[in-house]
Structure formats: C-alpha cells, structure tokens
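So you can see what is in the structure, the chains are spelled out below.
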Amino acid sequence: MFELTSRTEARQKSAGIKKKQAESLAGLPPNTLHISLYIRSDPPLPNDFHWAFYLHQGTKATPGGTKYHARGIGGGWIAGHEATAGIFAENFLCVVIQIATITPSAHGCVDEIMKSYDESLNSIPGITCRFVRCDIGELENDCLEFGNEHSETASVNEQPRPVVKSRVAS
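All values derive from a computational prediction rather than experimental measurement.

Parameters and conventions
Residues numbered from 1 in each chain as written. Predicted model: local features only at pLDDT ≥ 70, side-chain atom pairs only at ≥ 80, totals over all residues. Heavy atoms only, no water. Pairing = 2+ DSSP bridges. Helix = DSSP H or I, 4+ residues; strand = E, 2+ residues; numbered from the N terminus. Core = buried A, V, L, I, M, F, W, Y, C linked by side-chain atoms within 4.5 Å. Buried < 20%, exposed > 50% of the residue type's maximum accessible area, 1.4 Å probe, protein only. Contact = heavy atoms within 4.5 Å.

Caption draft 1: Geometry of the pairing of strand β3 (residues 65-73). Here strand β2 (residues 49-56) pairs with β3 via four bridges, running antiparallel. Each residue of the ladder has a partner; that of Y54, found in β3, is K67. When β3 meets strand β4 (residues 76-84), the two strands line up antiparallel, connected through nine bridges. Its bridge partner lying in β4, K67 is registered against E82.

Caption draft 2: Quick peek at the nonpolar core. By size, the foremost hydrophobic cluster in this structure holds 24 residues, and its most contacted members are L33, I35, L37, W51, I97 and I99. Put simply, the parts of the chain that give this core at least two residues each are β1 (32-39), β2, β5 (93-101), α2 (107-115) and α3 (137-155). Ignoring sequence-local partners within four residues, the contact set of L37 consists of F49, H50, W51, F92, L93, C94, V95, I97, C143 and G147. Judged by nonpolar contacts, the second largest core, of nine residues, contains L25, L28, F88 and V96.

Any link to function would need more than the numbers given here.
So, in structure tokens, the structure goes:
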C-alpha cells in the first residue's frame, strides 16, 4: 500500500511541476528576448553558469521559441540552436532574464545574427557559451547577480524557475 501511495504522490508532484512550467511559459510576453542561465555544479558556484539566448515567439495557442547557445564538446565548440516549447523544463535552469522586445518582423534578423558565427566558433579566440563578444559588462553583471541569487533554488529544482527583467537592458 505504501508503494502505491508513494507512486501516486510522485505522479501528482510531477504533474504539478509540469503545470507550473507550462504556466511560466504561457506567462512570458510574446516576442521577447531572454538570457537563460543554467547552473553547472551542485552545490552551485558563484558566477558559474551556462548561458543561452531564448527568443520567445510563442502565444498561448503555440507556446515556445528558439534557444541559441554554444556547447563545449571535447576541445571545441558547436552551435546549438533549437526550437523549444519546454525552456522551463530544461535541466539545471536557474533563471530566465528578459532583455528586449523583438518585433515579429525582426525575428528572422535575430535568427541570422545568432547563427552568423556558427561556422567559425572554434576560430574565435576565448569563445565561451556567453556567445557575444562586445562591451556588455553591465548586462553580464546584472545576469550574474540574478543567477547567483537563484542558483540555490535551482540546485534543489524548486519550481517554477523565476523570470526576471533585466535592470540594464530593455
């Protein structure tokens, strides 16, 4: 009897988590660009995150968007761009930070920009998953502060994961 109760409780907990993740996705404003941070260790280390961009194109009828990131594989890097309707269900997600609103007519341009270095990732000196090479120190610090603030709850998989708005980008 105990085993059946445990399984039922586990299923209910899982269903509750999936519901919270779906609500978080549905709550994102359409046509927004985000930086998503993922913890890379447990316990989490300060300022130690995998970075990705997430362009949320979705609506309640068709949730989701495109995730853009670079992954270190062996001694090199590969681009990883994929459509996703499950950004909030991804392992080790720490926080999603809204940094801009992108008009639907500019989605193609954003896609082109995000993919523009795909073929030359491994020839870029000092490449990391942060992807962008420009003076974005304030944005980087803003994101790190949010990541550090939420990394402990990410390590215990508290759901839903937070969505915050950047204090320096709009």
